[in-house]
Each structure stands twice: as structure tokens, then as C-alpha cells.
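# Reading the structure
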Amino acid sequence: MIAAHPGLKRKDDREAMGLLEKLEDGSAVLGVVGLGYVGLPLATEMGKSGFSVVGFDITPGKVDSVNAGKSYIPDVPTSELASLVSKGLLQATTDFSRIGEVDAVAICVPTPLDEMKEPDTSFMENAARSVAPYLRPGALVTLESTTYPGTTEEVIAPILEAHGLVVGKTLFLAFSPERVDPGNPVYQTKNTPKVVGGVTPECTRLAVAMYSRFIDTVVPVSTTRAAEMTKLLENIFRSVNIALMNELLMMSDRMGINLWEVIDAAKTKPFGFMPFYPGPGLGGHCIPIDPFYLSWKAKQYDFHTEFIELSGKINENMPYYVVTRLMDALNGQRKALAGSKVIILGVAYKADIDDMRESPAIKVAELLLAKGAEVSYHDSYVPQFSVKGAGIPHVDITAETIGAADVVLLITDHTDVDYAFVADHSQLVLDTRNAFKDVASDKVVRL
Ligand code: SAJ
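Residues numbered from 1 in each chain as written. Predicted model: local features only at pLDDT ≥ 70, side-chain atom pairs only at ≥ 80, totals over all residues. Heavy atoms only, no water.

### Description of the site of the ligand
- Around the ligand, a shell composed of 18 residues is seen, among which Asn235, Arg238, Tyr277, Gly283 and Tyr349 lie nearest.
- Between the ligand and Asn235 there is a distance of 2.5 Å, counted from an oxygen atom to a side-chain nitrogen or oxygen.
- One nitrogen or oxygen atom from the main chain of Tyr349 is found 2.7 Å from an oxygen atom belonging to the ligand.
- Protein coverage of the free-state accessible area of the ligand, which is 740 Å², stands at 85%.
- Of the residues belonging to the shell around the ligand, the class tally is 8 nonpolar, 3 polar and 7 charged.
- When residues of the shell around the ligand are assigned to domains, at least three map to each of domain 1 (6–222) and domain 2 (247–446). (Near = heavy atom within 4 Å. Polar contact = N/O pair within 3.5 Å; in protein donor to acceptor, adjacent residues only side chain to side chain. Areas by Shrake-Rupley, 256 points an atom, 1.4 Å probe, with all protein chains shown as cover. Nonpolar A, V, L, I, M, F, W, Y, C, P; charged D, E, K, R; others polar. Domains from an automatic or database assignment.)

Structure representation (C-alpha cells):
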């Protein structure tokens, strides 16, 4: 039950009341713009709660796949999608004029960095421009794309109001950060708490009313900026702590201390400590990118986010540090990196997924090729790996292939690899993830 806010009495609150009732009785038609790893699971949860949902995307292939009931997102079972489509609860289109059919729409499009490492808000702006002409008076729009504080009100609101609607009166607008962790076996869209911050209290209330229908826990905050900042805080917390571990790793190596052992020991503290681990660098579509959305905006307030800049510098240096350590390890066997056969073990950006976005393996492979190494790779999740257009050959893990390599360089610690077998048959291993921690072998060098 969603209690109507007592304040919703004024004439122009009639719009809000109308939407609130439609959300409450389930007759509202919902929309999702962007049917990717955030939008398709969201649209599916909306449909599963009984709403009619229209999904919008600029990629005809995705639209066709959804309408055929075929999922292309591992977190969305095809059986679930097919069921919603066959019941007429979910349909997809590239025709944005159909926004006129929806009472509320969530925008879930990418927010990458451009080549200058500055926010690229073009996807959000284009999405807003695509929906603005067709929004019905009284509609609710929520933005889910991770972005800097101020985006919703400074960038998106003006675009949505360009056709006469007024936010807070004839249009309701909120920010609600996506918290999708692809492949997470425990937390999916429905059971991950959802933070919501509206431009006005009515905007917040309506967004809370919508999300509450299909997400278990909804957490309202006072403003859109607080909601935008919440997501950035979550991910900057990670990137800064990972950078700290990477810096301590480089120091510990010089001091002859096994930092991996130290972290495991520190982890025994039952309070006040949270483990992060060093590694070959930061991959993924969130952690390496989100901090720079904040540092970019902070500059407008003459504020220099030194932690973010420093952690970015340290994390970005890790692929170079790995190659230096690899050269040291080969040097110990009187081998030059140039001409050496290197097998990169694991190239996805983190264990047990197939996602290559920003994977540190890409930069490592580039550096190895530039130094004249002969590079091949093994990753059962990634069938094809190329660097600057050059395909890197894939090898199976056999006694022959491992034995023929001068060094095996572990970048990503997938759990489907027999690390004892690799250690037994290799000449040398550089392990950047402590994946060989249970393997006693003098051939394994730990980062
Ligand atoms: N990494 C380290 N050391 C660590 C943890 C991660 O080097 O201690 C590396 C990973 O190998 C990877 C990168 O950092 O290359 C990012 O890893 P991540 O564990 O942060 O995973 P992501 O990028 O999938 O982050 C997502 C985020 N989810 C959202 O933005 C909605 C993040 O907020 C989640 O906390 C994270 O998943 C998660 O916990 O799995």
C-alpha cells in the first residue's frame, strides 16, 4: 500500500496523485530506456511485478531479441523474458514516440569517459532528448546512469523541460543509481537496496512509489545530488582502497614482506577492517571510471580530489609495474623479455566473468608486445583477445604449452584453472593475484 502524501492536494498535484494511484493499482505503464546489463534486468523486474513495460533501445538487435523472448544478459533468464513477452507485459522498440504510452520511465544508458578522461554525458543527453518530446504531463523520469552530482538537475532537467513540462509540477524527475553487479549470485536488481533522490519531495515520493513496487528496499535521500554522490562514494571507496593495497604491495616487495599474507592476517580482525587486494590494475565499467566523474565536477568548485587523482595514478601504473616485475623474474633466469614466450593466464577484468572492459590484461599485453615478447593467452571465458588490432593466440593448458613458455603471467584468477598443474609444468610463473597461494613451488613468483 502506498499512502498518498497528504501534501499532494494542489491542482498541479493532481498529476502526481494520478500517477501515484496508477503506481498503486498497477495500471501504470512503465518504460526503460537502455536495455543493457542494467535496463533489461530492471524491465524484467517491472514486468514480473505485473506492470506493462515498454523497453526502448537504439540497437535494433537488442529490441528484436527482447521481442523474440531471447535474453542476451546472463542475469536475465530467457525463460523469464519469454514469459513476460508472451503475456504482453514486456515489449521493446526503437520508436521513442512510444514514450507517450508510458507513465514513468527509467533511463539506464552508459556514462563512459572520453579520451581526455572527462565525463561523456552524450548517451544520457541523447536519451533525454529522445524522450522529451513525447513525455505525457504528469510523467515520472528517473535517471540511473552513474554520473557526477548535478547531472540530473543541470543537464537532464533542462532537456526534459524544453517542450513545456515543468519539473515538480507537470513532470517528476529523480536520480536512482544502478547497483547492478553482473553475475552476482546473491544480489540482483530486486534484492539490492535502491537509493532514490528527487528534484522535489513529490518527485522523490513518486520515484519511491514506483521502485517500491518491484524492489525490496528503497532508500529515499533528500536530493538528486545526494543520490548521485552515493553511488560515486560507493565506488570511489573501492578504487582508493585498492590503490592503497597496490601502493603497499610495491613497498612490501621492497621490504621483503608478503603483503598477501599480511592482508589475510589483518582480515582476522572481526571489526574495523575490510580486505581489498593488490593486483595488475583496475578493470571494469565502474571502478576505473566513476571517480573521474567526481574529480571532474569538483574542479568546478576549485576542489582538487587528491585521493582520487593519486589512486588513479597508482592503479593506472600497475600494468607497468607488473611488466617490470616480469622482467625481473625472467632476469633471474638470465632471460630477456624480448623474445621470451609469455602466456597470459586470465584476461577478463575480474575472476569468473567474460567481461573485458578496461581489463588490465589489455595494457599488459600491449606493453609485452612493445617489448618484443611472444604473447599468447588462456582464458576459458574469453574466446577472442586482440590488442591494438593484433589477435593474441589462445592456448589450452597442457603440459606442452605451459612447459614451452618461458613464463606464465597470471592476470586474472579464474577458478576453473588447476594452478598446481600449471606450476608443475611451467618454467616460471608471475602471479599477480595470489592465485597460487596454495601451491608450494619455487617457480612461482608472487607480485
Ligand atoms: N580489484 C582489485 N582489488 C580488489 C577488488 C577489485 O584489484 O580488492 C579489481 C578487480 O580485479 C577489477 C576492478 O578492481 O579489475 C573492479 O573490481 P570490482 O570488484 O570493484 O568489480 P566491478 O568493477 O564489477 O564493480 C562492481 C560495482 N558495482 C556497481 O557499480 C553497481 C561495485 O560497486 C561493486 O562493489 C562490485 O561490482 C562488487 O562488489 O562486485
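So, next bit.
### Some thoughts on the packing of aromatic side chains
- Inspection of every chain in the model, using the stated rule, returns 7 aromatic pairs.
- Geometrically, the ring pair formed by Phe56 and Phe96 is tilted, given 5.5 Å between the ring centres and 35° between the ring planes. Here Phe56, found in strand S2 (residues 52–56), pairs with Phe96, found in the loop between strand S3 (90–93) and strand S4 (104–107); they are 40 residues apart in sequence, far enough to count as distant.
- Here the aromatic cluster, defined as three or more aromatic residues joined through ring pairs, consists of Tyr148, Tyr293 and Trp296. (Phe/Tyr/Trp six-rings, centres within 6.5 Å; stacked < 30°, edge-to-face > 60°. Helix = DSSP H or I, 4+ residues; strand = E, 2+ residues; numbered from the N terminus.)

### Some details on a nonpolar patch on the surface
- A surface patch of nonpolar side chains, about 350 Å² in accessible area, is lined by Met251, Met255, Ile257 and Val262.
- Turning to its location among the elements, Ile257 is positioned in the loop between helix H8 (224–255) and helix H9 (259–266). (Patch = residues over 30% accessible without salt bridge, like charges linked within 9 Å, V, L, I, M, F, W, Y side chains within 5 Å. Salt bridge = Lys/Arg side-chain N within 4 Å of Asp/Glu carboxyl O.)

### A few points about the packing of helix H10 (residues 290–299) against helix H11 (residues 306–331)
- Following both chains from N to C, one finds H10 and H11 inclined at 140°, their axes separated by 10 Å at the closest point. Between H10 and H11 lies a crossing of left-handed hand. Counted together, Pro291, Phe292, Leu294, Ser295 and Lys299 of H10 and Ile308, Glu309, Gly312 and Glu316 of H11 form the full contact between these two elements.
- Within the contact of H10 with H11, the residues separate by chemical class into 4 nonpolar, 2 polar and 3 charged. (Axes fitted to C-alpha atoms, helices over the stretch in contact; angles between N-to-C directions. Left-handed = near helix turned anticlockwise from the far one by under 90°. Contact = heavy atoms within 4.5 Å.)

### Here we look at the sheet that holds strand S10 (residues 374–378)
- Sheet architecture is open: 5 strands sit in the order S10-S9-S13-S14-S15, paired in parallel fashion. Both edges of this open sheet fall to S10 and strand S15 (444–446), since each of them pairs with a single strand only. Pairwise comparison of adjacent strand axes, ignoring direction, gives a mean angle of 25° for this sheet.
- Two elements, strand S9 (residues 341–345) and S10, share 5 bridges in a ladder whose sense is parallel. The residue bridging Ile344 from the neighbouring strand is Tyr377, located in S10.
- The strands that H11 touches are S9, strand S13 (407–410), strand S14 (429–431) and S15; relative to S13, the one it contacts most, it runs at about 155°. (Pairing = 2+ DSSP bridges.)

### Observations concerning the side chain of Thr44
- Relative to the assigned elements, Thr44 resides in helix H2 (residues 39–48).
- With relative accessibility at 1%, the residue Thr44 sits in the buried group.
- Non-local contacts of Thr44, meaning those with residues more than four positions away in its chain, are made with Val76, Glu80, Leu81 and Leu84. (Buried < 20%, exposed > 50% of the residue type's maximum accessible area, 1.4 Å probe, protein only.)

### Let's talk about the pattern of salt bridges
- By the definition in use, this model includes 21 salt bridges.
- Between Lys297 and Glu154 there is a salt bridge, with its nearest N and O atoms 2.7 Å apart. Here Lys297 is found in helix H10, whereas its partner Glu154 is found in helix H6 (residues 151–160), with 143 residues between them in sequence.
- The exposure class assigned to Lys297 is buried, which follows from its relative accessible area of 5%.
- You can call Glu154 partly exposed: its relative accessible area is 36%.
- We note a salt bridge from Lys363 to Glu366, for which the minimum N-O separation is 3.5 Å. Note that Lys363 and Glu366 are positioned in helix H12 (residues 360–370) at a spacing of 3 residues, about one turn of the helix.
- Here the salt bridges share partners, and the residues they tie into one network are Glu153, Glu154, Arg225 and Lys297.

### What about the packing of H8 against H9?
- At a minimum axis separation of 9 Å, H8 and H9 run at an interaxial angle of 130°. As summarised for this structure, H8 and H9 are arranged oblique, according to the angle between their axes. Where H8 abuts H9, its residues Met245, Leu248, Leu249 and Ser252 lie against Leu259, Trp260 and Ile263.
- Each residue belonging to the contact of H8 with H9 can be placed in one class, and the counts come to 6 nonpolar, 1 polar and no charged. (Parallel < 35°, antiparallel > 145°, perpendicular 65-115°, else oblique.)

### Re the domain arrangement of the protein chain
- If you check the domain split of the protein chain, you get domain 1 (6–222) and domain 2 (247–446).
- Taken over C-alpha atoms, the centre of domain 1 sits 37 Å from the centre of domain 2.
- Taken together, the two surfaces of domain 1 and domain 2 that pack against each other cover about 1300 Å², and 63% of this comes from carbon and sulfur.
- Contact with domain 2 buries area across many residues of domain 1, yet Leu113, Lys117 and Tyr148 alone supply 34% of it, more than any other trio.
- Inspection of the region where domain 1 meets domain 2 yields 6 residue pairs in polar contact (both at pLDDT 80 or more).
- Looking at the side of domain 1 that touches domain 2 residue by residue, the class counts come to 7 nonpolar, 3 polar and 5 charged. (Buried area = accessible area lost by both parts, 1.4 Å probe.)

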